[in-house]
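Structural description and commentary
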Amino acid sequence: MPAGLRIGSLRRTLISFRAPKPHPDRFCPLASSSQSASCSSRSLLSSFILGLPSRRSLCSSSQVPRRPHTSRMSPTPRLRRVDPCVVSEIVALISGDSDDLESKLRLLNLSPSHALLSEALRALNDRGVSALRFFGWVLGSYPDFRPNSETYNLIVLNLGLFDDYSTMHRVFDEISSKGHCLTGKAFSFLAARGADVIKDSVRELVELLSRVGGSCRGSGIFSLIKLLCSMNAFDLAISVMEETTRRTSYYNVLIAAKCRNLDFQGARDVFDEMRRFGCDPNTKSYNYLLGSLFKNKRVVEACELLQAMEDLGYLPDSETFEVVLVHACKANRMSFAIKFLDQMLSEGSKSLATHAAFIKGYFRSGHAEDAYQYVVDMSMKDKCSVNMNFSLLAKLYCVSGRIDEAGRILYEMMGKGLKPNFPVCMRVMKALHKISRGDLASELKTKFLQFSLPTDGR
């Protein structure tokens, strides 16, 4: 069907709708468901493993309780991009659901924009008020207005609050025809459903997405699984895969969620299930677990996992490198980290987080001068990160009470034509005034303002 006819059909359908009754179980609490690298890269990983304590069984991790699920949808935080009084007036009119609603909306003399529509839809969703008549009025009154992906996701959420799957089907068709994608926000109405009701809702959504296909199906299935995992509804997430398809990317969402819950054994069980169904893990699968183990100071288990990755032939990627490097810096193994960084850079892998880890690592270990030298050295090797590195260094000097040195770092970088991070610059200048170094603060201000001056285009 041509795109023009399709959206025209959607407009006509929406214009004719009146507000339905909200789902009776909308505020029922949900009960949780049960539960390409070179040889040198690999040798560096091995040397890191060998330099740490002896092995411990991977199965020794204990199960931890899941986080409780909140029973109500949290109000959506808003950016003040439109006049809140206009949004409040729109919401008040729509909530009244009067017969002449459309006439009253016309009297507001609105200029529809994506920002205005999104703000209004968020407010209506937070209050549990149907947005169908308003959305239909916008489409009918302003035929040149084209909703964006955010708007479509918000209207899907609104339809879900009222179990209006027939209209949702039409919206899904429109989303796919425009190549837009669904996000977890579209399905967040599920978070307020009771344990029995949510199964029927998920089944209905999967059937709709499967019928529609296109970008809507691909993004919708992934986002639905991700949302269910965030709700600890892992059995439902797996049931979605059973009804559609088992993919590594879907299982990776489960692994990440288990790791966030500190359920490391549960994450390992997901690896076993993947292999059982012929869905092999990838490096990203391991990186989720690896990063979480390091973050929670389970170093021995993390090293076991690194060794297992190498034994199974999984090549570390830039994210693996970064995880190992950040931990090495925190563990004050700076000489190893430098060698590892050189290997990363030689293979074209760069990361601002990696540089930050080095700079902070040197500071934590009491080697501020080495941190400075690192920043200087990296300004030649990785020019994309030089502004961030100097700004972070100045901030660390300032936080540690070495205000005068922080000021000199900023003075040096601006002398090289590098613009510092504005909040860092302001913080250092205020601190300089407090220690009676207003002279240096004034010089920094003068230099910083030069970056705002228009250049001579002649």
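Owing to the predicted nature of the structure, the values given are computational and were not obtained by experimental measurement. Residue positions are given per chain, counting from 1 as you read along its sequence in written order. The model is predicted, so local features are restricted to residues of pLDDT at least 70 and side-chain atom pairs to those at 80 or more, both for listing and for counting; the totals for chains, interfaces and linings are taken over all residues. Derived side-chain values reflect all non-hydrogen atoms in the structure, with water molecules and hydrogen atoms excluded from consideration.

**Focus on the side chain of Arg133**
Only DSSP runs of H or I with at least four residues qualify as helices, and only runs of E with at least two residues qualify as strands; both kinds are numbered from the N terminus onward. Mapping Arg133 onto the fold places it in helix α6 (residues 132-141). Residue classification places Arg133 among the buried positions, given a relative accessible area of 5%. Polar contact is defined as a pair of N or O atoms within 3.5 Å, subject to the rule that within protein one atom must be able to donate a hydrogen and the other to accept it, and that residues adjacent in sequence are counted only when both atoms are side-chain atoms. A distance of 3.0 Å separates a polar atom in the side chain of Arg133 from the backbone oxygen of Ser98. For each residue, the accessible area found with a 1.4 Å probe, counting protein chains only, is set against the maximum for its type, and the residue is called buried under 20%, exposed over 50%, and partly exposed in between.

**Details of the UniProt feature "repeat: PPR" (unreviewed entry) in the chain**
UniProt positions are given in the numbering used here, feature names are shortened, and annotations may be inferred rather than shown by experiment. The UniProt feature table records "repeat: PPR" (unreviewed entry) at residues 247-281, 282-316 and 386-420. Secondary structure content for residues 282-316 is 74% helix and 0% strand, while the C-alpha to C-alpha distance between its ends is 10 Å. Measuring from the first to the last C-alpha atom of residues 386-420 gives 10 Å, for a span that is 77% helix and 0% strand.

**Looking at the packing of helix α20 (residues 386-399) against helix α21 (residues 403-415)**
Here, axes are lines fitted to C-alpha atoms. For helices the fit covers the stretch in contact, and angles between N-to-C directions go from 0 to 180 degrees. Two elements in contact, α20 and α21, have axes whose closest approach is 7 Å; the angle formed by their N-to-C orientations is 165°. Between α20 and α21, the interaxial angle falls into the category roughly antiparallel. The crossing of α20 and α21 is left-handed. Facing Asn387, Phe390, Ser391, Leu393, Ala394, Tyr397 and Cys398 of α20, the residues of α21 in contact are Ile403, Glu405, Ala406, Ile409, Leu410, Glu412 and Met413. Orientation labels follow simple angle bins: below 35 degrees gives roughly parallel, above 145 gives roughly antiparallel, 65 to 115 gives roughly perpendicular, and whatever is left gives oblique. Crossing handedness: left-handed means the near helix sits turned counterclockwise from the far one by under a right angle, and right-handed means the same turn made clockwise. It only takes one pair of heavy atoms within 4.5 Å for two residues to be counted as in contact.

**Regarding the nonpolar core**
In this structure, Phe134, Phe172, Phe187 and Ile225 are the most contacted members of the largest nonpolar core, which totals 136 residues. Those residues within four positions of Phe134 in sequence are excluded, and the remaining contacts are Ile90, Ile94, Leu105, Leu117, Ala120 and Leu124. Residue types Ala, Val, Leu, Ile, Met, Phe, Trp, Tyr and Cys, when buried and joined through side-chain atoms within 4.5 Å, form a set referred to as a nonpolar core.

**A closer look at the packing of aromatic side chains**
The pairing test for Phe, Tyr and Trp rings, Trp by its six-membered ring, is centres within 6.5 Å, and the orientation test on the planes gives stacked under 30 degrees, edge-to-face over 60, and tilted for anything in between. Counting across every chain of the model gives 8 aromatic pairs. Seen in terms of ring centroids, Phe134 and Trp137 are 6.4 Å apart; in terms of plane orientation they differ by 25°. Their pairing is stacked. Highlighted residues: Phe134 and Trp137, both in helix α6, separated by 3 residues, approximately one helical turn. Residue classification places Phe134 among the buried positions, given a relative accessible area of 2%. Taking relative accessible area as the criterion, Trp137 reaches 5% and is therefore assigned buried. Relative to Tyr397, the ring of Phe363 has its centre 5.2 Å away and its plane inclined at 85°; by these criteria the two rings are edge-to-face. Here Phe363 is found in helix α18 (residues 352-364), whereas its partner Tyr397 is found in helix α20, with 34 residues between them in sequence. The same class applies to Phe363 as to Tyr397, namely buried.

**So, the pattern of salt bridges**
The salt bridge definition used is simple: a Lys or Arg side-chain nitrogen within 4 Å of an Asp or Glu carboxyl oxygen. Scanning all chains against the criterion turns up 18 salt bridges. Residue Arg133 pairs with Asp97 through a salt bridge whose shortest N-O separation is 2.9 Å. Within this pair, whereas Arg133 is found in helix α6, its partner Asp97 is found in the loop between α3 (84-96) and α4 (101-107), the two being separated by 36 residues in sequence. Ionic pairing is found between Arg122 and Glu150, a salt bridge with its closest N-O pair at 1.9 Å. Taken together, the positions of Arg122 in helix α5 (residues 114-127) and Glu150 in helix α7 (residues 149-161) put the pair 28 residues apart, joining distant regions of the chain. Judged by its relative accessible area of 9%, Arg122 falls in the buried class.

**Focus on the side chain of Ser130**
The topology assignment puts Ser130 in the loop between α5 and α6. Looking at Ser130, its side chain comes within polar contact range of the main-chain nitrogen of Leu132, at 3.4 Å.

**Section: the environment of Gly438**
Of note, Gly438 is situated in helix α23 (residues 438-449). Apart from the residues lying within four places of it in its own chain, the contact partners of Gly438 are Leu432 and His433.

**Quick look at α6**
Because each turn of an α-helix spans 3.6 residues, side chains separated by three or four positions in sequence point in the same direction. Judged by how many residues are buried, α6 sits mostly within the fold: 8 of 10 residues are covered. Among the residues of α6, those classed as buried are Leu132, Arg133, Phe134, Phe135, Gly136, Trp137, Val138 and Leu139.

**Quick look at unusual backbone geometry**
Despite not being glycine, Leu262 has its phi angle at roughly 60°, a positive value. Position of Leu262 relative to the elements: it lies in the loop between α12 (248-260) and α13 (264-276). Judged by relative accessible area, Leu262 falls into the partly exposed class, the value being 32%. With a phi close to 60°, Lys297 is a non-glycine residue in the positive phi region. Within the fold, Lys297 resides in the loop between α14 (283-295) and α15 (299-311). A relative accessible area of 72% places Lys297 in the exposed class.

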